[in-house]
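Spelled out, the chains give:
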Amino acid sequence: MTSLAVMELNNNNNNTTTNCSGDESRNEDREKYLRELTKTFTGIDKPLKNARKCDTLTDLIGELRRTFDSDHVNIEYVNHLMLSYQSNPAEWRKFAKFDRYRYTRNLVDAGNGKYNLMILCWNEGHASAIHDHADSHCFMKMLKGQLMETRFAWPKNAAVTEDSKADIGNGQTGQEEVEYNGDELEELSRSTMETNGVCYINDTLGLHRVENPSHTDVAVSLHLYCPPFDVCSIFNKQNGKRTKCKVTFWSKFGKRESNNVN
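Residues numbered from 1 in each chain as written. Predicted model: local features only at pLDDT ≥ 70, side-chain atom pairs only at ≥ 80, totals over all residues. Heavy atoms only, no water.

Draft legend 1. Fine view of empty space enclosed by the protein. A complete count under the given rule lists one cavity of 30 Å³ or more for this structure. Its boundaries defined by the atoms lining it, the largest cavity holds a volume of some 130 Å³. Along the wall of the largest cavity there are 18 residues; nearest its centre are Tyr103, Arg105, Leu120, His131 and Tyr225. Those elements giving two or more residues to the lining of the largest cavity turn out to be β2 (116-122), β4 (137-144), β8 (207-211) and β9 (219-226). In the lining of the largest cavity, the residues fall into 11 nonpolar, five polar and two charged. (1 Å grid on protein atoms, 1.4 Å probe; cavity = no way out; pocket = protein on both sides within 12 Å on 5 of 7 lines; lining within 4 Å. Points joined across faces, edges and corners; volume = space filled by probe spheres on them. Helix = DSSP H or I, 4+ residues; strand = E, 2+ residues; numbered from the N terminus. Nonpolar A, V, L, I, M, F, W, Y, C, P; charged D, E, K, R; others polar.)

What follows is the structure in C-alpha cells.
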C-alpha cells in the first residue's frame, strides 16, 4: 500500500471516528433536552388546532420518526399525535400478544433509539406494579377497553434500597424478600381511561399503577416512552421501598421474544 493510500485510509478512519463521536454527542444532547422537559410539561387534553392528524398507525409511526429527527423535539406535538390517532384493531391486532398470567409489553417501533412505541395487553384484572419512568415521558392511549390509573407521590426516602433481578416485563417484582420500614405511599388520584383517551405522566408528576378493573373484558393500550429506557424503579405501596427493575418485551414487531417462551 502506498503512503498516499495509507494517509487516505487514516483520514477516512478519523472521519468515521469523528462522525460517531458527533452522533453520540448529538444523541446525548437530545436526551438531555427531553429529560429537562419532564420538569415542566404536564400534557395536553385535546389535539392541537390545524396540526396534522394521523389517520392510521402507519401514519403515526412515520410522523413520530420525523418529529424525533429534530434536535429539539416538540413534546406537545408528540402528545397531539397520540391524541389524533383513532384506534383501529385491524392495524394493531398483529402486535397484541396476551399472556394468561400477566400483562404484556409488545414493541411496535423502536424509533431509531429515540423512543419506544409499544402495545400493552391486559387480561381481566391484570395490573402493573407502582413504578416510575426513569426521567422519561410516558404517553398512554387506550385502544380497547378500560384501564384505571392510580397516581402516587414519591416516598420521602426515594433512594434505591436494593438491586434485584426483578423484571417488569415478566411480572417479577422481587419485593418480598427484604424487610423495610417506611411510610405507605400517598395516593394522589384515580382516573379511568376510555377507548381513544390519552394520559401523560413523568416523574415530576409522580408514580403510577395501571390496572384493568374489568373481570370480563380485556384491555389494550398504546404507550410511547421517550427517551427509551431499559431500567426503572418499582415501589411497595405499604412501605415505599424502591427496587430497581429491568424492562423487557414480551414480543417485538409482532414476534414473541425467545426469552419469554415458557
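Okay, back to it.
Draft legend 2. The arrangement of the layout of surface pockets in detail. The space that makes up the largest pocket amounts to roughly 180 Å³. Forming the walls of the largest pocket are 14 residues, and the residues nearest its centre are Trp154, Pro155, Lys156, Asp183 and Glu184. Of the residues in the lining of the largest pocket, the class split is five nonpolar, five polar and four charged.

Draft legend 3. The packing of aromatic side chains, seen in detail. Enumeration over the complete set of coordinates arrives at six aromatic pairs. Every member of this aromatic cluster is reached through a ring pair, and the members are Phe41, Phe139 and Tyr200. (Phe/Tyr/Trp six-rings, centres within 6.5 Å; stacked < 30°, edge-to-face > 60°.)

Draft legend 4. A look at the UniProt feature "binding site: Fe cation" (unreviewed entry) in the protein. Sequence positions flagged by UniProt for "binding site: Fe cation" (unreviewed entry) are, in local numbering, His131, His133 and His208. The largest pairwise C-alpha distance within this set of annotated residues, which runs over 78 residues, is 9.3 Å, so the set is compact in three dimensions. Lining residues of the largest cavity drawn from the annotated set just named are His131, His133 and His208. Within the secondary structure, His131 is located in strand β3 (residues 130-131). Of the residues examined, His131 reaches a relative accessible area of 8% and is grouped as buried. In contact with His131, not counting residues within four places along its chain, are Ile168, Leu207, His208, Ser233, Ile234 and Phe235. A distance of 3.5 Å separates a polar atom in the side chain of His131 from a polar atom in the side chain of His133. Relative to the elements of secondary structure, His133 occurs in the loop between β3 and β4. Beyond its immediate stretch of four places on either side in the chain, His133 contacts Cys138, Ile201, Asp203, His208, Tyr225 and Phe229. (UniProt positions renumbered as here; feature names shortened; annotations may be inferred. Buried < 20%, exposed > 50% of the residue type's maximum accessible area, 1.4 Å probe, protein only. Contact = heavy atoms within 4.5 Å. Polar contact = N/O pair within 3.5 Å; in protein donor to acceptor, adjacent residues only side chain to side chain.)

Draft legend 5. Just the state of the cysteines, in detail. Applying the stated rule across the entire model yields zero disulfides. Its sulfur unpaired, Cys199 is 6.4 Å from the next cysteine sulfur, which belongs to Cys138. By relative accessible area, which is 12% here, Cys199 ends up buried. Free cysteine: Cys245, not disulfide-bonded; nearest cysteine sulfur from Cys232 at 5.0 Å. (Disulfide = S-S within 2.5 Å.)

Draft legend 6. View of helix α2 (residues 57-67). Listed in full, the buried residues belonging to α2 are Leu57, Leu60, Ile61, Glu63, Leu64 and Thr67. Contacts from the buried residues of α2 go to α3 (75-84), α4 (89-92), β1 (104-109), β2 and β9.

Draft legend 7. Local environment of the environment of Thr150. Here Thr150 shows up in strand β5 (residues 147-152). Owing to a relative accessible area of 0%, Thr150 belongs among the buried residues under this scheme. Spatially, the C-alpha atom of Thr150 lies 8.5 Å from that of Glu211, the residues being 61 residues apart in sequence. Discounting residues that sit within four places of it in the chain, Thr150 has contacts with Glu187, Ser189, Arg190, Leu207, His208, Arg209 and Glu211.

Draft legend 8. Inspection of unusual backbone geometry at higher detail. In this structure, Pro227 follows Cys226 across a cis peptide bond, with omega equal to -10°. Position of Pro227 among the secondary structure elements: in the loop between β9 and β10 (231-235). At Asn196, a residue that is not glycine, the phi angle is positive and equals roughly 75°. Residue placement: Asn196 occurs in the loop between β6 (187-193) and β7 (198-201). Given the relative accessible area of 22%, Asn196 is considered partly exposed.

Draft legend 9. Looking closely at the pattern of salt bridges. All chains considered together, the criterion is met by 15 salt bridges. A salt bridge links Arg151 to Glu149, with the nearest nitrogen and oxygen atoms 2.8 Å apart. Each member of the pair, Arg151 together with Glu149, is buried. What emerges from the salt-bridge pattern is a single network uniting Arg26, Arg30 and Asp71. (Salt bridge = Lys/Arg side-chain N within 4 Å of Asp/Glu carboxyl O.)

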